[in-house]
Every structure is written in C-alpha cells, then in structure tokens.
Amino acid sequence: MCSEDKNKRYQEIRKRIDKRRPFGRPRDEAKPSAPQDRVLNLLNAYDALAELARRDYKNILCYGPRTCRAPAWSGVVIWYHSKGYHGYQTLHLLGVWAHYRQSEISISIGIRSLPYRAPVYDPGVYRVAIQNNFRIYYDDDGHPPDESDCALYHAPFQSKERLIHRQTLAELLEKWRREIDVT
C-alpha cells in the first residue's frame, strides 16, 4: 500500500470518528415520522401498556407491548390469553390506536378477540413464540377495533386535549387491571 493510499484511509477514518457522538452522550431519539405515531407518543401509550404487561396475573398470561402500523393507522397493543392448556384458543388484544377517520386523527382504545388460526398446536413452541409475536398463530395485523370488537373509548384527537386523553387511557387501563385481577 503506497503512502497516498494510507493517507486517504487515515483521512476516511478520521471523518468517521468525527461523525460519532461524544462518549457518554445519549443517542438522539428519532422522532416518529407518521402523525399517528406522534399521537401515540403524546399519549405515552407504549409505556402505559408496558407497565401492564410486566405484571403477573392470577388467570391470564400477558405479553407485549408491540407497535403495529399501516399507512392509515398506528397502534400499541398487549396480548393475553387465559392460563391453562386450552387458553391459547382465544387471544385478546388490548390496545391504543391512532387512526384516520374522515381526514382527522382519532384515538381508539379497545379489546379485540382473535381465534387461533394455526393448523396444529404445539404447546412448547407456542409458549416461546407467543411471547414475541401474536401474528404467527392468530393471523392478524393488530388493526384498530371495529363494530364487532369491544371499544372502550373513541374520540377525535386534539393536541390541546392530550392530557385528558392520557388520563382517560390511564383510568381505562387501571379499570381493566382491576377486572382481570378479580376474575
């Protein structure tokens, strides 16, 4: 390698080092690109659902949260099913969705029930796979609730009412937790 090539390589390495963030400085958080994602961030939906998923429940197994997206909506969901061998047959999604409804963004909070769709049930494989993803066994993209699902809350999103929506989310999740712990 000639000295000119070594010098070019040295300069390239220096440029890469200069572009790196200083040691100890936190990474810059990437801002969500879609308006629906920004709404979910303003509601602190992911953290609120993550707190529920970390808890132990008497009669259910709970997993998540997971972010689901499509061009017209975004959502954060946790999923749960009854304990026991036949608990896998119905999975429930509890989620918060921000979606467009007639050119304005709406918020929906609800519970969707999904039937098991895989041809075979293997409890060992299911137990491991369901912790990370519900789509494999339930063939669902996590879309917002419709008329056949249990809608807990629906409202158009206004940024000035963000704290009201956030409080409503916290109250609904606490009510859900109390009901699940009792049953």
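The structure displayed is predicted, hence computed values, not measured ones.

A look at the sheet that holds strand E5 (residues 150-156)
Right, so step 1: Read from one edge of the open sheet, five strands run E1-E2-E3-E4-E5, paired in antiparallel fashion. The open sheet terminates on both sides in strands that have one partner only, identified here as strand E1 (60-70) and E5. Within the sheet, the average angular offset between the axes of one strand and its neighbour, ignoring direction, is 15°.
Right, so step 2: When strand E2 (residues 73-82) meets strand E3 (residues 90-101), the two strands line up antiparallel, connected through eight bridges. Bridging across to E3, Ile-78 finds its partner in Leu-94.
Right, so step 3: Contacting E1, E2, E3 and strand E4 (104-115), helix H2 (residues 35-43) crosses the sheet at an angle of about 115° to E3.
Right, so step 4: Against the sheet, helix H6 (residues 162-182) contacts E1, E2, E3, E4 and E5, and its axis sits at roughly 175° relative to E5.

Focus on the packing of aromatic side chains
Right, so step 1: Tallying each qualifying case throughout the model produces 15 aromatic pairs.
Right, so step 2: Aromatic ring contacts, followed pair by pair, group Tyr-85, Tyr-88, Tyr-116, Tyr-121, Tyr-126, Tyr-137 and Tyr-138 into a single cluster.

Observations concerning the pattern of salt bridges
Right, so step 1: For the coordinates displayed, the defined rule picks out eight salt bridges.
Right, so step 2: For Asp-37, the salt bridge is made with Arg-69, and the minimal N-O distance between the two is 3.0 Å. Taken together, the residues Asp-37 in helix H2 and Arg-69 in strand E1 connect sequence positions 32 residues apart.
Right, so step 3: For Asp-37, a relative accessible area of 8% translates into the label buried.
Right, so step 4: Note that Arg-177 is salt-bridged to Glu-174, the shortest N-O span being 2.4 Å. Residue Arg-177 and its partner Glu-174 are both found in helix H6; the two are separated by three residues, about one turn of the helix.

Conventions we followed
- Here the residue numbering is sequential within each chain, running from 1 through the sequence in written order.
- Residue-level local features of this predicted model are given only where pLDDT is at least 70; pairs of side-chain atoms are given and counted only at 80 or more, and the full residue set underlies all totals for whole chains, interfaces and linings.
- Values shown for side chains rest on all heavy atoms present in the structure; no hydrogens or waters enter the calculation.
- By definition, two strands form a pair when at least two bridges between them are found by DSSP.
- Labels follow the DSSP assignment, with helices taken as runs of H or I lasting at least four residues and strands as runs of E lasting at least two, numbered in each case from the N terminus.
- Structural elements are reduced to axes, namely lines fitted to C-alpha atoms, with helices fitted over the stretch in contact, and the angle between N-to-C directions of any two is expressed from 0 to 180 degrees.
- Contacts: residue pairs with any heavy atoms within 4.5 Å of one another.
- Working definition: rings of Phe, Tyr and Trp (its six-membered ring) pair if their centres are within 6.5 Å, and the pair is stacked with planes under 30 degrees apart, edge-to-face with planes over 60 apart, and tilted otherwise.
- Definition used for salt bridges: Asp or Glu carboxyl oxygen within 4 Å of a side-chain nitrogen of Lys or Arg.
- Three exposure classes are used, based on accessible area relative to the maximum for each residue type with a 1.4 Å probe and protein chains only: buried under 20%, partly exposed in between, and exposed over 50%.

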